[in-house]
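Commentary on secondary and tertiary structure
Read off the chains here:
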Amino acid sequence: MKVIYHGFDGLEFAIKASLTEEMCGEFSAAQELAKENDEFCALKVGDEWLHIHSTGARGGYAYRLSHASTGTWFFKKHSLNNDAWGVRFSAASHALAISGLEGLRQKCAALLLTLGIKASDSDYRPSRADFAVDFIIPNFEPKPENFVINSQTNRKGISEIEGIETNAKSNRITSITVGKMPNRQVIIYDKSLEANIRRKGEWPLIWRQNVGSELDGARVWRVELRIAKRHFKDVWNVDGWASFYELLKRILQKLLNDIRYCEPNAEAKRARWTVHPIWQEVSRVASESLFDHIPTLTPDKYVEVKREQKIDELQKQALGLLISTAAIEDVKSVDLEEFLINAAKSLAQTAQTSNPPLEQKIARAKARYIHLV
């Protein structure tokens, strides 16, 4: 068994602040353009590109923005009454993998300053944190019956974490989730499978930089510890960054003690089962290295990986559409190359006479993929 990565994989917080009147006007105008084009609108603020979506989000958030370097932002409209909690944020997992918790926190603060929003550390209220530890474990298969809930956990605590959800693929378990959100939760899942399905090409790159050829053919299992808003607020009274940093280690250790993954033994009482080495390692990492971040993926390398993935995806889509067209026109396989060459010439001619003009279409496409350019 080897730990090949650890770090935060999720972060959400609210901010006691609101948009300036000037930025609210810019967001409103960009949102109207997004509605007209039935997609998001790219807006440059300082040196940052933001994608503003055509709709907001529940909770009174008028504006929903995507920012490649940090994640998704939600803003309420500018209010003369200064609506107390006017900003909400949800991190992108790759942003945490690149920058770590503290680095991302600083990036978020810098972006807010660019938007004219000043907020002190006490104006932030963390509402979710996910901490992940990735393993290579030969011949490991998780079993839901090996989870044990601490008998000393009080009734309310048990109600927060009871219930086990299992997912399987091809008759093998791919994930086991214990607990409920928005309280707390642990999950063991096949991260290598998830990265492949969701086309997260950055993860194999991160792992390979840490373990090299040991990754070849190996399944990577992730243990993820999730703490959400209700548990932060009601149980631990986390109300800002200071208490978050002070208490998070204790919060996670309590979770690991209340929910344990064990190895069954001869003991009739499950509470006396031996804690599995994977759980011991997660506990050690969360205790000793919780806020340590050793970057293994640069922003440029991440963009390179995602650019290659997107180009490959779009080219496969284009080829698939042309093959479908060839099938409808009853083109034989031996004639496909000539068909594709003629189709490319025809498309090039059509593009030159398109409406709106080709330059405008390219500009819109570039804005859509500005984070990959």
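For clarity, every value in this text was computed on a predicted model and none was experimentally measured. (Residues numbered from 1 in each chain as written. Predicted model: local features only at pLDDT ≥ 70, side-chain atom pairs only at ≥ 80, totals over all residues. Heavy atoms only, no water.)

1. Focus: the overall build of the protein chain
From N to C terminus, the protein chain includes 11 helices and 14 strands. When burial is assessed residue by residue, the protein chain has 42% of its 373 residues classed as buried. Of the contacts made within the protein chain by residues no fewer than 6 positions apart, 67% connect residues no fewer than 24 positions apart. Roughly 19800 Å² of accessible area belongs to the protein chain as shown, and the carbon and sulfur atoms make up 50% of that amount. For the protein chain, the separation between the mean place of its 51 positive charges and that of its 48 negative charges on side chains is 5 Å. (Helix = DSSP H or I, 4+ residues; strand = E, 2+ residues; numbered from the N terminus. Buried < 20%, exposed > 50% of the residue type's maximum accessible area, 1.4 Å probe, protein only. Contact = heavy atoms within 4.5 Å. Areas by Shrake-Rupley, 256 points an atom, 1.4 Å probe, with all protein chains shown as cover. Lys, Arg positive; Asp, Glu negative; His and termini not counted. Charge placed at Lys NZ, Arg CZ, Asp CG, Glu CD.)

2. Section: helix α5 (residues 202–211)
Taken together, the buried positions of α5 are E202, W203, I206, W207 and V211. Along the axis of α5, the buried residues cluster in a sector spanning 150°; they form a single face. Contacts from the buried residues of α5 go to β1 (2–15), α2 (93–114), β7 (124–136), α4 (191–197), β12 (220–228) and α9 (299–328). Note on α5: the residue one or two positions beyond its end, G212, has a positive phi of about 60°. (Arc of directions from axis to C-beta.)

3. Let's talk about the sheet that holds strand β6 (residues 87–91)
Strand pairs in the sheet, formed through backbone hydrogen bonds, run parallel or antiparallel to each other. Pairing in this open sheet of 11 strands is antiparallel, and the strands run β2-β3-β4-β5-β6-β1-β7-β12-β11-β10-β9 from one edge to the other. Where the open sheet ends on each side, the last strands, each with one partner, are β2 (41–45) and β9 (164–169). Averaged over all pairs of adjacent strands, the angle between strand axes in this sheet comes to 20°, irrespective of strand direction. Across 4 bridges, the pairing between β1 and β6 is antiparallel. (Pairing = 2+ DSSP bridges. Axes fitted to C-alpha atoms, helices over the stretch in contact; angles between N-to-C directions.)

4. Considering the side chain of S243
Along the chain, the position of S243 falls in helix α7 (residues 241–258). The exposure class assigned to S243 is buried, which follows from its relative accessible area of 13%. Polar contacts involving the side chain of S243 include one to the main-chain amide nitrogen of D239, which spans 3.0 Å. (Polar contact = N/O pair within 3.5 Å; in protein donor to acceptor, adjacent residues only side chain to side chain.)

5. Topic: the pairing of β7
Of all 13 residues making up β7, 11 are buried, and the element is well covered by its neighbours. Here 9 bridges tie β7 to β12, and the two strands are oriented antiparallel to one another. Its bridge partner lying in β12, I136 is registered against V220.

6. Quick notes on the nonpolar core
F13, F27, W73, F75, L115, F147 and W279 are the most contacted members of the largest nonpolar core, which has 69 residues in total. Looking at this core, the element that brings in the most residues is α7, giving 8 residues. Among residues more than four places away in sequence, those in contact with W279 are F147, V186, I188, V223, L256, I259, R260 and Y261. By size, the runner-up hydrophobic cluster in this structure holds 14 residues, among which are I98, W203, I206 and Y302. (Core = buried A, V, L, I, M, F, W, Y, C linked by side-chain atoms within 4.5 Å.)

7. Let's talk about the packing of aromatic side chains
Scanning all chains against the criterion turns up 24 aromatic pairs. Ring geometry for F13 and Y124: centres 5.4 Å apart, planes at 70°, overall edge-to-face. You can see F13 sitting in strand β1 and its partner Y124 sitting in strand β7, a full 111 residues away along the chain. For F13, a relative accessible area of 0% corresponds to the buried category. (Phe/Tyr/Trp six-rings, centres within 6.5 Å; stacked < 30°, edge-to-face > 60°.)

8. Remarks on the packing of α9 against helix α10 (residues 336–352)
Direction vectors running N to C along α9 and α10 enclose 110°, while the axes themselves pass 11 Å from each other. For the element pair α9 / α10, the angle class is roughly perpendicular. Both α9 and α10 take part in a crossing whose hand is right-handed. In this structure, α9 contributes L319, L322, T325 and A326 to the contact, and α10 contributes L336, F339, L340, A343 and L347. Here the residues of the contact of α9 with α10 sort into 8 nonpolar, 1 polar and no charged. (Parallel < 35°, antiparallel > 145°, perpendicular 65-115°, else oblique. Left-handed = near helix turned anticlockwise from the far one by under 90°. Nonpolar A, V, L, I, M, F, W, Y, C, P; charged D, E, K, R; others polar.)

9. Topic: the state of the cysteines
Under the counting rule described, the total for this entry stands at 0 disulfides. No disulfide involves C41; its sulfur sits 15 Å from the nearest other cysteine sulfur, which is in C24. Here C41 falls in the buried class, since its relative accessible area comes to 13%. (Disulfide = S-S within 2.5 Å.)

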